[in-house]
Amino acid sequence: SQELEQSPQSLIVQEGKNLTINCTSSKTLYGLYWYKQKYGEGLIFLMMLQKGGEEKSHEKITAKLDEKKQQSSLHITASQPSHAGIYLCGAAHSGGGADGLTFGKGTHLIIQP
Amino acid sequence: ETGVTQTPRHLVMGMTNKKSLKCEQHLGHNAMYWYKQSAKKPLELMFVYNFKEQTENNSVPSRFSPECPNSSHLFLHLHTLQPEDSALYLCASSQVFAGLYEQYFGPGTRLTVT
């Protein structure tokens, strides 16, 4: 089974609607990262969450970390075509150095005009 | 140049070839990473370099050989690859102190092994 489960795997949303993507870890989280990727390109850093209950926002994107549930959610308000892409969550399971991240499979987001 | 750059962006190589991927970070970071992204699989960590020292090798076959001559440059030397090694190879960097740190990625090299 996957260390990081993302849901849904894909999502088609009408422009202007809100949406939520979830990421659940089977291992203890030290930190949780959200990235966006256009197909075949690099990852664009969105947000990093560490403390339980932490919530961060960037433009119309908000992410929260539920430490007890080992879970994070990414919420997009009033979606736009520019939000389309693949959203990836990455987990740090320790903070003691330059550890790499473990990633989920991603959520493909399509915005319909 | 800003951020993390990777060259080449696309590479096609035969199984008997030897090639190298290059990554350069212009962020003043002290840690660099190689990741592999294959179709339908999660992004996989391959190697970690912290202050030019390799601190993690995630059970990667020896046909992949990393090199980190300084904190700004990272190479991935490739030889006798297999078709299943075809993937997007991503480089990342971060500034490591204690605790968490933001990790920034390059645009990737799309590798096709024929």
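Residues numbered from 1 in each chain as written. Chains lettered and ligands numbered in written order. Predicted model: local features only at pLDDT ≥ 70, side-chain atom pairs only at ≥ 80, totals over all residues. Heavy atoms only, no water.

Scanning the model with the defined rule gives ten aromatic pairs over all chains in all. For the pair Phe103 of chain A and Tyr35 of chain B, a centre-to-centre distance of 5.8 Å together with 85 degrees between the ring planes defines the contact as edge-to-face. Separated into two different chains, Phe103 of chain A in strand β10 (residues 102–103) and Tyr35 of chain B in strand β4 (residues 31–37) make up a pair that spans both. With a relative accessible area of 2%, Phe103 of chain A lands in the buried category. Here the aromatic rings of Phe64 of chain B and Tyr89 of chain B are separated by 5.9 Å at their centres, their planes lie at 35 degrees, and the arrangement is tilted. Placement of Phe64 of chain B in strand β7 (residues 64–70) and of Tyr89 of chain B in strand β9 (residues 87–94) is noted, with a sequence separation of 25 residues between them. You'll find Phe64 of chain B and Tyr89 of chain B in the same group, each marked buried. Here a set of aromatic residues connected by ring pairs shows up, and it is made of Tyr33, Tyr35, Phe45 and Phe103 of chain A together with Tyr33, Tyr35, Tyr104 and Phe105 of chain B. (Phe/Tyr/Trp six-rings, centres within 6.5 Å; stacked < 30°, edge-to-face > 60°. Helix = DSSP H or I, 4+ residues; strand = E, 2+ residues; numbered from the N terminus. Buried < 20%, exposed > 50% of the residue type's maximum accessible area, 1.4 Å probe, protein only.)

This brings us to the sheet that holds β7 of chain B. Residues and elements named next belong to chain B. Sheet architecture is open: four strands sit in the order β1-β3-β8-β7, paired in antiparallel fashion. In this open sheet, the two edge strands, each paired with only one partner strand, are β1 (4–7) and β7. Ignoring strand direction, the axes of neighbouring strands in this sheet form an average angle of 20 degrees. In the sheet, β1 pairs with strand β3 (residues 18–25) via four bridges, with the strands oriented antiparallel. Looking across to β3, one finds that Thr5 is bridged to Glu24. (Pairing = 2+ DSSP bridges. Axes fitted to C-alpha atoms, helices over the stretch in contact; angles between N-to-C directions.)

Turning our eyes to something else, we now look at the sheet that holds strand β1 (residues 4–7) of chain A. Residue and element names in this part refer to chain A. Strand order across the open sheet formed by five strands is β1-β3-β8-β7-β6, with antiparallel pairing between neighbours. In this open sheet, the two strands that pair with only one neighbour each are β1 and β6 (55–58). In this sheet, adjacent strand axes meet at a mean angle of 15 degrees when their direction is disregarded. As paired elements, β1 and strand β3 (residues 19–25) share four bridges and run antiparallel to each other. Residue Gln6 lies in a different strand from β3, and its bridge partner there is Cys23.

Purely geometric stuff here, so don't read any function into it on its own.
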